[in-house]
Amino acid sequence: SDVRIHIDNKQVAISDIYGHFALSHLDYGETYTLSFIKENYESVKIDLSYLNHTQVIYVHMFSAKELLAKAEDKVKQKDYNEALALLERSSNTGGNFLSINYLTSVIYYIKKDHEKALKIAQEILNLGYKDFYVYLLLADIYEYGLNDIEKAQEYLKTALSISYDPVIQKRIINE
């Protein structure tokens, strides 16, 4: 519902609660460029050759949440490049910054691109997201990726101050 339909960059309709819409004043045999736009959904653009008045168009638009869920599935399947492509698409639709960037950072960490993983995780912190899992990810990047135990300890202590976790406590004591 509420999808704005444009022909050649001019809005001509809005879909109803069921996603239905009708187009009028089209010339038979002409080809039109249709754009389907909805906030937090991936826009779709198609070329339509108008052949008759009973013509039906089926368009599937993916929401930012759907794209994020697909990316998570690709991570489970260890298809990291496809997951990154889906995360970029989700980001382009206005998806949740924290979820998208956190998962992107995790993927780069898994792929052993520790500098990229670090840059994205730091960006999350710099924008004010002070989440337990972000600090834990940073600790892992420093400890297991960059072999900087001292910096990892700082992030582990910060994570522990947000939420007690005996595994983290043990990591701090064992260092």
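Scroll up for the structure.
For the structure given in this document, a descriptive report is provided here. These figures come from a predicted structure and were not determined experimentally. (Residues numbered from 1 in each chain as written. Predicted model: local features only at pLDDT ≥ 70, side-chain atom pairs only at ≥ 80, totals over all residues. Heavy atoms only, no water.)

## Describing the pattern of salt bridges
In step 1: For the coordinates displayed, the defined rule picks out four salt bridges.
In step 2: Asp140 is the salt-bridge partner of Arg171, the closest N and O atoms lying 2.8 Å from each other. With Arg171 in helix α7 (residues 166–174) and Asp140 in helix α5 (residues 132–145), this residue pair connects regions lying 31 residues apart in the sequence.
In step 3: For Arg171, a relative accessible area of 15% translates into the label buried.
In step 4: In this structure, Lys151 engages Glu154 in a salt bridge whose closest nitrogen and oxygen atoms are separated by 3.7 Å. Here the residue Lys151 and the residue Glu154 both occupy positions in helix α6 (residues 149–162), the gap between them amounting to three residues, near one helical turn. (Salt bridge = Lys/Arg side-chain N within 4 Å of Asp/Glu carboxyl O. Helix = DSSP H or I, 4+ residues; strand = E, 2+ residues; numbered from the N terminus. Buried < 20%, exposed > 50% of the residue type's maximum accessible area, 1.4 Å probe, protein only.)

## Let's talk about the environment of Asp131
In step 1: Residue placement: Asp131 occurs in the loop between α4 (114–126) and α5.
In step 2: Spatially, the C-alpha atoms of Asp131 and Ser24 are 51 Å apart, while their sequence positions differ by 107 residues.
In step 3: At 3.0 Å, the side chain of Asp131 and the backbone nitrogen of Tyr133 are in polar contact. (Polar contact = N/O pair within 3.5 Å; in protein donor to acceptor, adjacent residues only side chain to side chain.)

## Some details on the pairing of strand β3 (residues 31–37)
In step 1: Two elements, strand β1 (residues 4–7) and β3, share four bridges in a ladder whose sense is antiparallel. Paired with Ile7 across the bridge in β3 is Leu34.
In step 2: Of the pairings in the sheet, the one linking β3 to strand β4 (residues 44–49) comprises six bridges and is antiparallel in character. Bridge assignment links Thr33 to a residue of β4, and that residue is Asp47.
In step 3: Once β3 ends, the chain turns through six residues before running back antiparallel as β4, passing Asn40 with a positive phi of about 65°. (Pairing = 2+ DSSP bridges.)

## A few points about the nonpolar core
In step 1: Among the nonpolar cores identified, the biggest contains 36 residues, and Leu87, Leu103, Ile107, Leu138, Tyr155 and Ile168 are the most heavily contacted of them.
In step 2: Mapped onto this core, the elements with two or more residues apiece are α1 (64–76), α2 (80–92), α3 (97–110), α4, α5, α6 and α7.
In step 3: Every residue in contact with Leu87, bar those within four places of it in the chain, is listed here: Leu68, Ala71, Ile100, Leu103, Thr104 and Ile107. (Core = buried A, V, L, I, M, F, W, Y, C linked by side-chain atoms within 4.5 Å. Contact = heavy atoms within 4.5 Å.)

## Re the environment of Asp47
In step 1: In this fold, Asp47 is placed in strand β4.
In step 2: The class for Asp47 is exposed, based on a relative accessible area of 60%.
In step 3: A C-alpha to C-alpha distance of 23 Å links Asp47 and Tyr18, two positions 29 residues apart in sequence.
In step 4: Setting aside residues up to four positions removed in sequence, Asp47 forms contacts with Thr31, Tyr32 and Thr33.
In step 5: Side-chain polar atoms of Asp47 contact the side chain of Thr33, separated by 2.9 Å.

## Let's talk about the sheet that holds β4
In step 1: The antiparallel open sheet is built from four strands, whose spatial order is β2-β1-β3-β4. Two strands lie at the open edges of the sheet, namely β2 (10–14) and β4, each paired on one side alone. For this sheet, the mean inter-axis angle between neighbouring strands, taken without regard to orientation, is 30°. (Axes fitted to C-alpha atoms, helices over the stretch in contact; angles between N-to-C directions.)

## A word on the packing of α5 against α6
In step 1: Between α5 and α6, the shortest axis-to-axis distance is 8 Å and the interhelical angle comes to 165°. Considered as vectors, α5 and α6 are oriented roughly antiparallel to each other. In this structure, α5 crosses over α6, and the sense of that crossing is left-handed. Here Phe132, Tyr135, Leu136, Leu138, Ala139, Tyr142 and Glu143 of α5 come into contact with α6, specifically with Ile149, Lys151, Ala152, Tyr155, Leu156, Thr158, Ala159 and Ile162.
In step 2: Looking at side-chain class alone, the contact of α5 with α6 contains 12 nonpolar, one polar and two charged residues. (Parallel < 35°, antiparallel > 145°, perpendicular 65-115°, else oblique. Left-handed = near helix turned anticlockwise from the far one by under 90°. Nonpolar A, V, L, I, M, F, W, Y, C, P; charged D, E, K, R; others polar.)

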